[in-house]
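Survey of secondary and tertiary structure
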Protein chains: 2
Amino acid sequence: MTDIILLGHGSGGKLSHQLLDELIIPTLSGVAQRDQNDAAVLNHGGQRLAFTTDSYVVDPIFFPGGNIGDLAINGTVNDLAMAGARPVAVSVGLILEEGLPLEDLRRILASMKQAAQSAGVAIVTGDTKVVPRGKADKIFINTSGIGVFDHDYEVRGSGARVGDKILINGSIGDHGMAILASREGLDLEADIRTDSAALHELVAEIIAAGGEAVHALRDPTRGGVATTLKEIALQSQVDITLEEAAQPVRQEVAGACAILGLDPLFVANEGKLLAVVAPEAAESVLAVMRRHPHGAEATIIGEVTGASDGKVFMRTAIGGLRAIEMLAGEQLPRIC
Amino acid sequence: MTDIILLGHGSGGKLSHQLLDELIIPTLSGVAQRDQNDAAVLNHGGQRLAFTTDSYVVDPIFFPGGNIGDLAINGTVNDLAMAGARPVAVSVGLILEEGLPLEDLRRILASMKQAAQSAGVAIVTGDTKVVPRGKADKIFINTSGIGVFDHDYEVRGSGARVGDKILINGSIGDHGMAILASREGLDLEADIRTDSAALHELVAEIIAAGGEAVHALRDPTRGGVATTLKEIALQSQVDITLEEAAQPVRQEVAGACAILGLDPLFVANEGKLLAVVAPEAAESVLAVMRRHPHGAEATIIGEVTGASDGKVFMRTAIGGLRAIEMLAGEQLPRIC
């Protein structure tokens, strides 16, 4: 490792994993191997609770389709949902830069309230700090959340098995490209909007339909679909093979990615989930997803093709196999 | 209100309260009156849970007696403890500035681990973000926490009654003056150290000894003893009168405050609690506090002297009464 923090340490890719695995987790916990799931599951009085935290530092704070406020609520709701939990309570920690217009703060808080109401979670506690100009960037938001379980089984990243299908609930790369276009003031003809959405109801329907055939769930945020599938492959010790022709990428997102030299497979999503489902249940789960507003364009993008040490491949249109690795560093900083 | 965020909005004083009461709470919650307690209490399957969040932006990040890491753990442990809960799980959200030396991060994380172990809480989940140089200041840490209750009754800020005694577990102003001396490179002859400590065991003993005679508990952090007592007075609709001669201020802290024109009553503490206790139980609670390592210098600093709309007075050495109000803005920015 280097001896200072690099931007790439926040990318969600290889440098992030290295920082976590070699410094943060061993130092904080004393354990060598981390639980890579987005939420911790605690036992309380014989009942399970999910607990998660996320800080949001997205730049810009307002972007097409949302802002840092609803992003923060939806992100934490989704981390709980991916553990199979029903989100119930959220905390809000604000770090404000001196000089932030109160009107901006008001708009962000109003979006948080609306997102929380829409997701059925209560904002129950909070904290506000202010730092001098130049010591933060407008506003950073931490949202932590508690969820409860309405069922007995566990959904984790380590459950993928050979033969499982990989389902996604819609197009990939929308959030990252919306942020990037907005940040850089790119005059992309098309209006690319964030896909930020609370997915807990979709998850509840997936679990109700698929039950224990749902082997893993994860939201492909920082690092995108590629990084998230690589994590699942590593956790589950399987190979995953994607079909290039089956990747759902909006034409305008594909176009913007092409111009900028980015691969949509590595671009962040904030309203997408990857479900790893036993083959016999895949079609019924897909049907349920497609009936939900956040899953109308759900599709199967690949499958678990073998037991291994965790490889991800893309089968190209002409039939070749391309290995997909995590990016070392930062494709798009401050995407969430 | 102004139309931009000022440093004073983070002070814990009048501007902070105004921001919370006029913008943040109404916009986030839609309710006019906020629950001013440091932790929210949730019901889960018939059992109560405490949930709290705090972001730490202290400057400097290392100071005599501690650093931002153990401060963050102890602060969240204390917020849970002040609700009468036993802390069980903590989350850690890191916002790192590009360029932060990994060795600094390692020291901070090691302090967090040690503080968590010492407090008997598990760090169960986390998140790490990185922002470019100049977009944050070295490291900001959010800690959120979950606590459980080993007893049935509630300790809140609104329970103070006429006749109650105000107890504190030791000297005031140590943390704030340690930070200030360290930040400004003041060559104060004396070594002033933070009082940062986890108070949940002391709280458990106070509750075991005082039971329902413990009417309110609060840790006097930002804004100090004066602001915290003003909050309790307002919440409980009582007057509180402090005895000037009874305020426990270390000589070196008093000296530094005098040089800098600060009132120790408004200076932050990170290992102190204020207990508002029925008069018949005050001496026995005080005795228990004094037997605890974090309460050896516990003392009674005042009492609840009447029902009112929430005034705090200081009875001076010559018998006068001085009204104590919250500071409008910032006495010491970025103290925690």
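Predicted model, so just to flag it, every value in this text is computed and none were measured. (Residues numbered from 1 in each chain as written. Chains lettered and ligands numbered in written order. Predicted model: local features only at pLDDT ≥ 70, side-chain atom pairs only at ≥ 80, totals over all residues. Heavy atoms only, no water.)

Points about unusual backbone geometry
Note the threshold: Put simply, DSSP marks the helices as runs of H or I at least four residues long and the strands as runs of E at least two long, and each gets a number from the N terminus on.
Cis geometry marks the peptide bond from Asp59 of chain A to Pro60 of chain A; its omega dihedral reads 5 degrees. Its location among the elements puts Pro60 of chain A in the loop between strand S2 (47-56) and strand S3 (62-63). The phi dihedral of Arg334 of chain A is positive, around 50 degrees, even though this residue is not glycine. Looking at where Arg334 of chain A falls in the secondary structure, it is placed in the segment after strand S14 (321-324). Its identity as a non-glycine residue notwithstanding, Gln237 of chain B has a phi of 55 degrees, on the positive side. Within the secondary structure layout, Gln237 of chain B lies in the loop between helix H6 (224-236) and strand S10 (238-243).

So, the sheet that holds strand S1 (residues 40-44) of chain B
The pairing of strands in a sheet comes from backbone hydrogen bonds and takes either a parallel or an antiparallel form. Residue and element names in this part refer to chain B. Filter applied, for reference: Between any two strands, pairing holds if DSSP finds at least two bridges. Axis definition: a line fitted to C-alpha atoms, over the contacting stretch in the case of helices. Angles run 0 to 180 degrees between N-to-C directions. Only heavy atoms matter for contacts: two residues are in contact if any of them lie within 4.5 Å across the pair.
Taken in spatial order, the five strands line up as S1-S2-S7-S5-S6 in an open sheet, and their pairing is mixed. The two strands at the open ends of the sheet, each matched to only one other strand, are S1 and strand S6 (122-131). In this sheet, adjacent strand axes meet at a mean angle of 20 degrees when their direction is disregarded. By the bridge criterion, eight bridges tie strand S2 (residues 47-56) to strand S7 (residues 139-148) in an arrangement that is antiparallel. The partner of Tyr56 across the bridge, within S7, is Ile141. Along the sheet, helix H3 (residues 102-119) contacts strand S5 (86-97), S6 and S7; its crossing angle with S7, the most-contacted strand, is approximately 15 degrees.

Quick look at the UniProt feature "domain: PurM-like N-terminal" (unreviewed entry) in chain A
The following threshold applies: UniProt positions are given in the numbering used here, feature names are shortened, and annotations may be inferred rather than shown by experiment.
As annotated in UniProt, the feature "domain: PurM-like N-terminal" (unreviewed entry) corresponds to residues 37-148 of chain A in the numbering used here. The span residues 37-148 of chain A shows a helical share of 29% and a strand share of 46%, and its end C-alpha atoms are spaced 16 Å apart.

So, the interface of chain B and chain A
The condition that has to hold: Defined here as a combined quantity, buried area equals the accessible surface (1.4 Å probe) lost by two parts on assembly, summed across both. By definition, a salt bridge exists where a carboxyl oxygen of Asp or Glu is found within 4 Å of a side-chain nitrogen of Lys or Arg. As used in this structure description, the phrase polar contact means that two N or O atoms lie within 3.5 Å; if the pair is within protein, one of them must be able to donate a hydrogen and the other to accept it, and residues adjacent in sequence are counted only when both atoms belong to side chains.
In this complex, chain B contributes 75 residues to the contact, which on the side of chain A involves 75 residues. Both sides together, the interface formed by chain B and chain A hides about 6,200 Å², and carbon and sulfur atoms give 70% of it. Looking at the side of chain B facing chain A, the largest losses of area belong to Ile5, Leu28 and Leu102 of chain B, adding up to 12% of the total buried there. The tally of links between chain B and chain A comes to four salt bridges. For the salt bridge of Lys129 of chain B with Asp54 of chain A, the shortest nitrogen-to-oxygen distance reads 3.5 Å. Counting across the interface, chain B meets chain A through 19 residue pairs in polar contact (both at pLDDT 80 or more). Counting only elements with at least two residues in the side of chain B that touches chain A, the list comes to helix H1 (14-29), S1, S2, S5, H3, S6 and S7 of chain B.

Brief notes about the state of the cysteines
Where we set the bar: The criterion for a disulfide is a pair of cysteine sulfur atoms lying within 2.5 Å.
Evaluation of the coordinates by the stated rule reveals zero disulfides over all chains. Lacking any disulfide linkage, Cys336 of chain A is separated from the closest cysteine sulfur, that of Cys257 of chain A, by 17 Å.

Description of the confidence of the model for chain A
Spelled out, the test is: As a per-residue measure, pLDDT tells how confident the predictor is, with possible values from 0 to 100.
Residues with a pLDDT of 70 or more make up 96% of chain A, whose mean pLDDT is 92. Under the prediction, the complex receives an ipTM of 0.94, its pTM being 0.95.

Considerations on the relation of the copies chain B and chain A
One copy of the chain maps onto the other through a rotation about an axis followed by a shift along the same axis. Short version of the rule: The fit set for superposing copies consists of C-alpha atoms from residues with pLDDT of at least 70 in both; the fit itself is least squares.
For the pair chain B and chain A, the best superposition has an RMSD of 0.0 Å and corresponds to a rotation of 180 degrees with a translation of 0.0 Å parallel to the axis. The symmetry that links the two subunits is that of a two-fold axis. Within chain B, the C-alpha atom positioned nearest to the axis of rotation is that of Ala136 of chain B, 2.0 Å from it. Comparing interface residues between copies, 100% of those in chain B also sit at the interface in chain A, which points to an isologous, same-surface contact.

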